[in-house]
Amino acid sequence: MAKRPAPSKENDALPQALVVASRGRQCLIETPAGQRIACQMRGRKMDATVGDAVRWRAVADGGVIERVEPRRSLLYRQDEVRARRFAANISQVLIVLAAEPAPSLEQTARALIACEAAHIPALIALNKADLAAPFAHALARLAPYRAAGYAVLPLCAVGEHAADTAPKAALLPLLRGHTTLLLGPSGAGKSTLINRLIPGAAAQTGAISQALQSGRHTTTATTLYWLDAEKASALIDSPGFQQFGLRHIEAAQLAACMPDIAARTGGCRFYNCTHRTEPGCCVTAAVQGGALDEHRWKLYSQFYDECL
């Protein structure tokens, strides 16, 4: 994603607000007083997204976003054609997977790599713990990710066993003080989880949908929900995805974005080792010796070609 120009001082006197929902070029902003206003972006080059602090101007039918303030962080994906933003100014990512349907380890790896590249901490929640056999199978498949240092949290967002691993008890201590992006495929239970964590979220969703004039549920929108009255903690719900391009990452940087591979790159024979076919490579030696998961290395090799 191209670097945005430094903000000019032209709009310094305009009021500031927070983007709390977006769909296409439509945004919903929240003022410091708590008022929510539907806005359009000024010009085609404007790239405001949920989590952005913006300067805006009131107009007859709502508002116009005139400037996006500098960001602390931005998570996005990029394919051959375009980049797609998830959210800005987030402090962590919670990847929500489900025991059923079985999670895609490739898409999970892609999301984690994007988080590492953006220097945003990530953790994984595995939902539907009440489905004993599928859950055990999915948890076993995620073992290499636990070995790489990612926390995998068991959850049961719905059903009679929900109290056994109640989302509030398991997650709230990890969410307090953070702006957390929920990421994951459709059907993993992100919306259900939000409704469990935030009473009234469903009503908010309907109001946001109307404000954005989407005429449908805002799973097609990215939406911020406050976790507390003080507005110190927030969850950002994003639409499910089937593809996650990594074209914004250079091939030479890829190993550093996979912690289990990065930990084994220091002793390679060649300083510019790609960790695929070179002799004297510590990464391939770890794979051959069983110290590094072979599937993770194969994903690395696949992504390396993609990032060239």
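Peer 1: Describe the overall build of the protein chain, listing the residues and the values that go with them.
Peer 2: A count of helices and strands for the protein chain gives 10 helices and 13 strands. Expected size for 308 residues packed as a compact globule is a radius of gyration near 19 Å; at 21 Å, the protein chain falls within 12% of this value. Its C-alpha atoms give the protein chain principal-axis dimensions of about 65 × 50 × 30 Å. Among the 308 residues that make up the protein chain, the fraction classed as buried is 49%. Look at the contacts in the protein chain between residues 6 or more apart in sequence, and 65% of them connect residues 24 or more apart. Counting every atom, the protein chain has about 14,700 Å² of accessible surface; 52% of that belongs to carbon and sulfur.

Peer 1: Describe the confidence of the model for the protein chain, with residues and values.
Peer 2: Residues with a pLDDT of 70 or more make up 91% of the protein chain, whose mean pLDDT is 90. Low pLDDT, under 50, characterises residues 160-165; the stretch is placed with 9 contacts to residues that sit more than four places away or in other chains.

Peer 1: Can you explain the pattern of salt bridges? Please cite residues and give values.
Peer 2: It is possible for side chains bearing opposite charge to pair when their charged atoms get close. Throughout the structure, instances matching the rule amount to 15 salt bridges. Here Arg71 makes a salt bridge to Asp52, at a shortest N to O gap of 2.8 Å. With Arg71 in the loop between strand S5 (62-68) and strand S6 (74-78) and Asp52 in the loop between strand S3 (36-41) and strand S4 (53-59), this pair connects stretches of sequence that are 19 residues apart. For Asp52, a relative accessible area of 0% translates into the label buried. Among the charged side chains, a network of salt bridges with common partners joins Asp12, Arg55, Arg67 and Glu69.

Peer 1: Go over a positive patch on the surface with me, naming the residues and quoting the values.
Peer 2: Together, Arg25, Arg44, Arg82, Arg84 and Arg85 make up a region of like positive charge exposed at the surface. Looking at where Arg85 falls in the secondary structure, it is placed in strand S7 (residues 83-88).

Peer 1: Help me get a handle on helix H1 (residues 105-117), residues and values and all.
Peer 2: Compared with an ideal rise of 1.5 Å per residue, which puts 13 residues at 18 Å, H1 spans 18 Å between its outermost C-alpha atoms and is within 8% of the ideal. Judged by how many residues are buried, H1 sits mostly within the fold: 10 of 13 residues are covered. Within H1, the full set of buried residues consists of Leu105, Gln107, Thr108, Ala109, Arg110, Ala111, Leu112, Ile113, Ala114 and Cys115. Phi for His119, located one or two positions after H1, is positive at around 60°.

Here is what the cut-offs are and how they apply
- Residues numbered from 1 in each chain as written.
- Predicted model: local features only at pLDDT ≥ 70, side-chain atom pairs only at ≥ 80, totals over all residues.
- Heavy atoms only, no water.
- Helix = DSSP H or I, 4+ residues; strand = E, 2+ residues; numbered from the N terminus.
- Rg over C-alpha atoms; globule rule 2.2 N^0.38 Å.
- Buried < 20%, exposed > 50% of the residue type's maximum accessible area, 1.4 Å probe, protein only.
- Contact = heavy atoms within 4.5 Å.
- Areas by Shrake-Rupley, 256 points an atom, 1.4 Å probe, with all protein chains shown as cover.
- pLDDT = per-residue confidence, 0-100.
- Salt bridge = Lys/Arg side-chain N within 4 Å of Asp/Glu carboxyl O.
- Patch = residues over 30% accessible without salt bridge, like charges linked within 9 Å, V, L, I, M, F, W, Y side chains within 5 Å.
- Lys, Arg positive; Asp, Glu negative; His and termini not counted.
- Charge placed at Lys NZ, Arg CZ, Asp CG, Glu CD.
- Expected span 1.5 Å × (residues − 1).

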